[in-house]
Amino acid sequence: MRIVVSGAAGFIGSHLCDRLLADGHAVAGLDNFLTGSRRNIAHLANEPRFEFHERDITQPFEMKGAVDAVVNAASPASPKDYLEHPIETLDVGSAGTRRMLELALAKGARFLMMSTSECYGDPLVHPQVESYWGNVNPVGPRSCYDESKRFAEALTMAYHRKRSVRTNIARIFNTYGPRMKLDDGRVVPAFLDQALRGGAMTVFGDGSQTRSFCYVSDLVDGLCRLMMSDERYPVNLGNPRELTILEFAEKIRAMTGSKSGIEFRELPEDDPKQRNPDISKARAVLGWEPQVELEDGLRRTVAYFQLQAILPDATPVGTA
Ligand code: UDP
């Protein structure tokens, strides 16, 4: 297949490109580098089945040749990034998603929307099931991301219902791994950076809020399965192992043999108190569940940061 991936230079987008190429497909990647990085796709420079186009998908663009599938992975995704770029975030979820859907329609291609667990907002149903409609503040600081993705889901369903596009929607929960930006503010790179440098680990609030972390290769495998399925309604993809943020800080400290202290900071506004995917649907429909243990995934993530020489050498994670 020839597959167009928007957000190809992003964290998840670039891993998806790698996997699609490894599966023998041709990939056309699009990115405007608002939050993506050239470094994430630099290794593909001599890959004949990979082409890259620097494009802002909120603006008109032409795509020559046949296209079998379109994956819409473009969006700022870390709270720090979307709080810095709220209008671009709303634009890419609305106008950008519309252009990608139009591309799929024009080419007779299938379409995969990369949505988010943020559609559930600060969820009152736990763990989150796909049938839950969520608890989103429409005017809070996170609304630019939440509502952008909720609109993108609605647009995707409308193109399916009115234009018969073969669509899929992935609701992606917290994902981590190599190619995250060390300074993107998210908890995994922040804690690893702090633990390995010996700086204080910044726990927001009292650390009782929960998250569930999925290693990127597991997530990408779920995306590939979903893209080939006939499931039109959203499917949760994430790792159901849930930890409080304080437990997570302590785990990272122990695994890295770090002497870092813990420093409590103010909880950001509308920070969800709990998040854990119910993945029964993904198990049943896709035969999918995560394979990589948290400790193993964290070890691989640290190895990447050290290889990039952006972190000092430290006790190999997992040996402490
Ligand atoms: N968090 C934290 N310290 C940090 C960064 C994040 O305690 O230095 C918390 C944050 O408040 C949230 C959780 O970790 O409860 C996950 O935050 P992240 O930004 O990774 O993603 P989110 O799940 O909020 O989209």
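Worth saying up front: this structure is predicted, and the values here are computed from it rather than measured. (Residues numbered from 1 in each chain as written. Predicted model: local features only at pLDDT ≥ 70, side-chain atom pairs only at ≥ 80, totals over all residues. Heavy atoms only, no water.)

A.B. asks: Before we move on, could you go through the nonpolar core and cite the residues and values that matter?
C.D. replies: Generally speaking, nonpolar side chains in soluble globular proteins are found buried as a group. Counting 60 residues, the largest nonpolar core has L223, L237 and F248 as its most contacted members. L223 has contacts with I12, L16, L112, M114, A170, I172 and L237, leaving out every residue within four places of it along the chain. (Core = buried A, V, L, I, M, F, W, Y, C linked by side-chain atoms within 4.5 Å. Buried < 20%, exposed > 50% of the residue type's maximum accessible area, 1.4 Å probe, protein only. Contact = heavy atoms within 4.5 Å.)

A.B. asks: Provide a residue-level description of the environment of D31, including the pertinent values.
C.D. replies: When you line up the elements, D31 lands in strand 2 (residues 26-31). A residue is classified by how much of its surface remains accessible, and D31, at 6% relative accessible area, is buried. Spatially, the C-alpha atom of D31 lies 36 Å from that of E250, the residues being 219 residues apart in sequence. Contacts of D31, omitting those with residues within four sequence positions, involve G7, A8, A9, G10, G36, F52, H53, E54 and R55. Within the local environment of D31, its side chain forms a polar contact with the backbone nitrogen of A8, the two atoms lying 3.4 Å apart. (Helix = DSSP H or I, 4+ residues; strand = E, 2+ residues; numbered from the N terminus. Polar contact = N/O pair within 3.5 Å; in protein donor to acceptor, adjacent residues only side chain to side chain.)

A.B. asks: How would you explain the pattern of salt bridges if you had to name every residue and give the values?
C.D. replies: Summed over all chains, the structure comprises 26 salt bridges. Of the charged contacts, one joins D271 and R211 as a salt bridge, the two residues approaching to 3.0 Å between their closest N and O atoms. Highlighted residues: D271 in the loop between strand 13 (262-265) and helix 8 (280-286) and R211 in strand 9 (residues 210-212), separated in sequence by 60 residues. Both residues of the pair, D271 and R211, belong to the buried class. Salt bridges sharing common partners tie together R19, D23, D221 and R225. (Salt bridge = Lys/Arg side-chain N within 4 Å of Asp/Glu carboxyl O.)

A.B. asks: Tell me about the site of the ligand, and please be specific about residues and values.
C.D. replies: With respect to spatial proximity, 18 residues lie near the ligand, and among them T202, F204, R211, D271 and R275 are the closest. Take D271: an N or O atom from its side chain is 2.6 Å from an oxygen atom of the ligand. The protein chains hide 94% of the 520 Å² of surface that the ligand would expose on its own. The class makeup of the residues in the shell around the ligand is eight nonpolar, four polar and six charged. (Near = heavy atom within 4 Å. Areas by Shrake-Rupley, 256 points an atom, 1.4 Å probe, with all protein chains shown as cover. Nonpolar A, V, L, I, M, F, W, Y, C, P; charged D, E, K, R; others polar.)

A.B. asks: Tell me about the environment of A74, and please be specific about residues and values.
C.D. replies: Here A74 lies in the loop between strand 4 (69-72) and helix 2 (79-84). Remark: the alpha-carbon pair of A74 and M114, spanning 40 residues in sequence, is separated by 8.3 Å. Excluding residues that lie within four positions of it along the chain, A74 makes contacts with S6, G7, I57 and V92.

A.B. asks: If you had to explain the layout of surface pockets to someone new, which residues and values would you point to?
C.D. replies: Its boundaries defined by the atoms lining it, the second largest pocket holds a volume of some 200 Å³. In terms of lining, the second largest pocket is formed by C119, Y120, E130, Y132, W133, R150, E153, A154, M157 and R171. No other element matches helix 4 (residues 143-163), which puts four residues into the lining of the second largest pocket. Here the lining of the second largest pocket is composed, by residue class, of six nonpolar, no polar and four charged. (1 Å grid on protein atoms, 1.4 Å probe; cavity = no way out; pocket = protein on both sides within 12 Å on 5 of 7 lines; lining within 4 Å. Points joined across faces, edges and corners; volume = space filled by probe spheres on them.)

A.B. asks: Residue-level account of the sheet that holds strand 3 (residues 50-54), with values.
C.D. replies: Sheet architecture is open: seven strands sit in the order 3-2-1-4-5-6-11, paired in parallel fashion. In this open sheet, the two strands that pair with only one neighbour each are strand 3 and strand 11 (235-237). Across the sheet, the axes of successive neighbouring strands diverge by a mean angle of 20°, strand direction being ignored. Two strands pair when backbone bridges link them, and strand 2 and strand 3 are joined in this way by five bridges, in the parallel orientation. Looking across to strand 3, one finds that G29 is bridged to F52. Sheet strands touched by helix 6 (residues 216-227): strand 1 (2-6), strand 4, strand 5 (110-116), strand 6 (167-172) and strand 11. Its angle to strand 6, the strand with the most contacts, is close to 160°. (Pairing = 2+ DSSP bridges. Axes fitted to C-alpha atoms, helices over the stretch in contact; angles between N-to-C directions.)

A.B. asks: Hey, could you go over the packing of aromatic side chains for me, with residue numbers and the actual values?
C.D. replies: Summed over the entire model, instances satisfying the criterion amount to eight aromatic pairs. Ring plane angle 40° and centroid distance 6.1 Å describe the contact between Y120 and F173, whose orientation is recorded as tilted. Residue Y120 is located in the loop between strand 5 and helix 4, and its partner F173 is located in the loop between strand 6 and strand 7 (175-176); the two are separated by 53 residues in the primary sequence. Comparing Y120 with F173 shows no difference in burial state: the two are buried. Site record: aromatic cluster; members linked through ring pairs are Y120, Y132 and F173. Positioned above the aromatic ring of Y159, the side-chain terminus of R163 is 6.0 Å from the ring centre. (Phe/Tyr/Trp six-rings, centres within 6.5 Å; stacked < 30°, edge-to-face > 60°. Lys NZ or Arg CZ within 6 Å of the ring centre and 35° of its normal.)

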